[in-house]
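So you can see what is in the structure, the chains are spelled out below.
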Amino acid sequence: MRKANQLKKQQRTAVKSSQRSIIADKLLAWYDACGRELSWRQDTTLYKVWVSEIMLQQTRVEAVEPYYRRFLDRFPDMRTLADAPEEDVLHAWQGLGYYSRARNLQTGVREALERYDGVLPQTRQEVESLSGVGSYTAGALLSIVHGQPEPAVDGNVLRVFSRLFCLKQLITSSIGKQAVTAKVREVIPSDRPGDFNQAVMDLGSSVCGRVPRCSLCPLADECIAYKEGCQSELPRKAKKAEPRPVKMAVGIVKNQCQQFFVRKRPKSGLLAGMWEFPTIEAVDSDPETALRSLFAKSGQTVASLTQWRNLQHVFSHRTWDLQIYQGSGTGYNNERREDGCWMTLDELAAVPLGKPHQTMANWLAEAAL
DNA sequence: AATTCGGGGTG
DNA sequence: CACCCAGAATT
């Protein structure tokens, strides 16, 4: 029994070690021929790779490209980003989503400057201690910047490796991710680990996507799922909860100077630190009264408040059904108070807004023409 | 282990 | 419409 297991293990190891170089070789050859030329692959300095990896979290390459260039143009190095006002960073991130990434990136860069003199540390533990840097990003940084053979397991890697080795665990569970990480450690080469990690992601993006195109795949001969014909059933994932609908009421109030009453959202939670037209959850059936009392709390009296438009916005975990009210107020101030102040549309354009409020600001600009 | 964090592209 | 994207932090 023990002998049989030992033999089996030896065979498995032998198969793995022979596949190991084949998979890495074929993948890197394919990467050299078909890999995409992306802005952040031009040079592998810590800061540039770091910015790109944070932007790319849960975000498609095509969406990141323009943001990446603008961001580096505005914050060309770690010191510039560290010294910038948080609101400027959020504004540069506006439209990308997951805004805590932007705040954590700035915090992480400050930490790296203070603790490590701006140099990427050599251990995974130290790298993961940086704000906003988790297991994936730590692996990406260590492999790309330092050339360490560390796995960078993202959604692409989960998909590619679950098929390559026919791993049928729920890939969303921790053991599923552990299984993939273990396989990556077996296959990742020590000479071009950063290119290898990026090659897996390119493959997952262009060939081994949700609908696999196995006829184009350089690893089809090594793919167990393809051999067994179950590639379309992998990876197995738990179903995500549907976004929960929430009724919201928005008050857009303008004064005589063409300014609008706005405020900054709380430092944590949804759209943290972004500005908005005052918005409340419409729990009762009388949003207009609720809005009036909200403005009263801010010391603003609203002459008229009438329903204007409706807007629906879908986040990943909830849906806002917005009833938008428009009114006129008599308040005025130039002081930028975060709990409520008046801004023109031009001033509003220079401040970070979430998508729904950006849409409303655009409507107001059109209406003013 | 589950939820909370955006926004948009795709079949 | 369902799915998911170079995930991390929080609960």
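Note that residues are indexed from 1 along each chain, following the sequence as it is written. Lettering of chains starts at A and numbering of ligands starts at 1, both following the order in which they are written. Two thresholds apply to this predicted model, a pLDDT of at least 70 for residue-level local features and 80 or more for giving and counting side-chain atom pairs, whereas whole-chain, interface and lining totals are computed over all residues. By convention in this description, side-chain values take in all heavy atoms of the structure and omit both hydrogens and water.

## Things to note about the protein's contact with DNA strand B
For clarity, the threshold we go by: We call a residue near a molecule or strand when any one of its heavy atoms sits within 4 Å of it. Pairing of N or O atoms within 3.5 Å defines a polar contact, subject to two protein rules: one partner must be a possible hydrogen donor and the other a possible acceptor, and residues neighboring in sequence count only if both atoms are side-chain atoms. By the convention adopted, Pro, Cys, Tyr, Trp, Phe, Met, Ile, Leu, Val and Ala count as nonpolar, Lys, Arg, Asp and Glu as charged, and the other residues, Gly among them, as polar.
Neighbouring DNA strand B are 20 residues; Tyr98, Tyr99, Ser174, Leu270 and Leu271 lie closest to it. In DNA strand B, atoms within 4 Å of the protein come 59% from sugar and phosphate. Glutamine 58 has a polar backbone atom sitting 3.0 Å from a base nitrogen of DNA strand B. Within the side chain of serine 316, one N or O atom sits 3.4 Å away from a base nitrogen of DNA strand B. Partitioning the surface near DNA strand B into residue classes produces six nonpolar, 10 polar and four charged.

## Some remarks on the protein's contact with DNA strand C
Taken together, 26 residues surround DNA strand C, and among them Gln58, Gly132, Thr137, Asp154 and Arg159 come closest. In DNA strand C, atoms within 4 Å of the protein come 66% from sugar and phosphate. Contact between DNA strand C and aspartate 154: a sugar or linking oxygen at 2.5 Å from a side-chain N or O atom of the residue. Grouping the amino acids of the surface near DNA strand C by side-chain chemistry returns seven nonpolar, 10 polar and nine charged.

## Some points on the packing of aromatic side chains
This is how it is decided: What counts as a ring pair is set by centres within 6.5 Å for rings of Phe, Tyr and Trp (its six-membered ring), and what kind of pair is set by the plane angle: stacked under 30 degrees, edge-to-face over 60, tilted for all other angles. Per the convention used, a helix needs a DSSP run of H or I reaching at least four residues, while a strand needs a run of E reaching at least two, with both numbered from the N terminus. Three labels apply to residues, based on accessible area from a 1.4 Å probe with only protein chains included: buried if under 20% of the type maximum, exposed if over 50%, partly exposed otherwise in between. To sit over a ring, a charge needs its Lys NZ or Arg CZ within 6 Å of the ring centre and within 35 degrees of the ring normal.
Considering all chains together, one arrives at nine aromatic pairs under this definition. Pairing tryptophan 40 with tyrosine 68 gives two aromatic rings, centres 5.4 Å apart and planes at 80°, and the pair type is edge-to-face. In this pair, tryptophan 40 sits in the loop between helix 1 (2-34) and helix 2 (46-56) while tyrosine 68 sits in helix 3 (residues 61-74), placing the two residues 28 residues apart along the sequence. With respect to class, tryptophan 40 is no different from tyrosine 68; both count as buried. On the numbers, 4.9 Å between centres and 55° between planes, the contact of phenylalanine 71 with phenylalanine 75 is tilted. By relative accessible area, which is 0% here, phenylalanine 71 ends up buried. Members of the aromatic cluster, each reached through a chain of ring pairs, are Phe71, Phe75 and Trp93. A cation over a ring is seen here: arginine 309 above tryptophan 308, with NZ or CZ 4.6 Å from the ring centre. Note that arginine 336 overlies the ring of tryptophan 275, its terminal NZ or CZ placed 6.0 Å from the centroid.

## Details of the domain arrangement of chain A
It is common to give the size of an interface as the accessible area lost on bringing the parts into contact. Here is the rule we go by: Each domain's limits were defined by an automated method or a database of domain assignments. Buried area: the accessible area, evaluated with a 1.4 Å probe, that two parts lose upon being put together, summed over both parts.
By the assigned domains, chain A splits into domain 1 (2-233) and domain 2 (244-368). Each of domain 1 and domain 2 has a C-alpha centre, and the two are 39 Å apart. Across the domain 1 to domain 2 interface the summed buried area is about 860 Å²; carbon plus sulfur atoms make up 48%. Among the residues of domain 1 in contact with domain 2, Glu87, Gln94 and Tyr99 are the three that bury the most area, contributing 56% of the side total.

## Overview of the packing of helix 9 (residues 155-164) against helix 10 (residues 174-187)
Formally: Orientation is described by axes fitted as lines to C-alpha atoms, over the contacting stretch for helices, and by angles from 0 to 180 degrees between their N-to-C directions. Each angle receives one of four descriptions, namely roughly parallel if under 35 degrees, roughly antiparallel if over 145, roughly perpendicular if within 65 to 115, and oblique otherwise. Residue contacts follow a heavy-atom distance rule, with two residues in contact if any of their heavy atoms lie within 4.5 Å.
Relative orientation of the contacting elements helix 9 and helix 10 amounts to 80°, with a least axis distance of 10 Å. Judged on the interaxial angle alone, helix 10 and helix 9 are roughly perpendicular. Across the interface between the two elements, Val157, Leu158 and Phe161 of helix 9 pack against Lys177, Val180, Lys183, Val184 and Val187 of helix 10. A class-by-class count of the residues in the contact of helix 9 with helix 10 yields six nonpolar, no polar and two charged.

## Digging into helix 5 (residues 86-93)
Among the residues of helix 5, those classed as buried are Glu87, Val89, Leu90, Ala92 and Trp93. Downstream of helix 5 by one or two residues, glycine 95 has phi in the positive range, about 100°.

## Quick notes on the pattern of salt bridges
The cut-off we apply is this: Salt bridge, as applied in this entry: a Lys or Arg side-chain nitrogen positioned within 4 Å of an Asp or Glu carboxyl oxygen.
For the structure on display, the rule yields 20 salt bridges. For arginine 192, the salt bridge is made with aspartate 32, and the minimal N-O distance between the two is 2.8 Å. Of this pair, arginine 192 sits in the loop between helix 10 and helix 11 (193-206) while aspartate 32 is found in helix 1, placing the two residues 160 residues apart along the sequence. Judged by its relative accessible area of 26%, arginine 192 is partly exposed. On the basis of relative accessibility, which here comes to 53%, the residue aspartate 32 falls in the exposed class.

## As for the nonpolar core
Rules: Residue types Ala, Val, Leu, Ile, Met, Phe, Trp, Tyr and Cys, when buried and joined through side-chain atoms within 4.5 Å, form a set referred to as a nonpolar core.
Trp50, Phe71 and Phe161 are the most contacted members of the largest nonpolar core, which totals 103 residues. Mapping this core onto the domain boundaries places at least three of its residues in each of domain 1 (2-233) and domain 2 (244-368). Residues within four places of phenylalanine 71 in sequence aside, it is in contact with Tyr47, Val51, Met55, Leu81, Val89, Ala92, Trp93 and Leu105. In this structure, Ala249, Phe261, Ala282 and Tyr325 belong to the second largest nonpolar core, which totals 13 residues.

## Description of the packing of helix 8 (residues 135-145) against helix 11
The condition that has to hold: Less than a right angle of anticlockwise turn of the near helix away from the far helix marks a crossing as left-handed, whereas a clockwise turn marks it as right-handed.
At their nearest, the axes of helix 8 and helix 11 sit 7 Å apart, and the two run at 130° to each other. The angle between helix 8 and helix 11 falls in the class oblique. Crossing of helix 8 against helix 11: the hand is left-handed. When helix 8 is examined against helix 11, the residues Tyr136, Gly139, Ser143 and Ile144 are found in contact with a partner set consisting of Pro193, Gly194, Asn197, Gln198 and Met201. For the contact of helix 8 with helix 11, the per-class residue count stands at four nonpolar, five polar and no charged.

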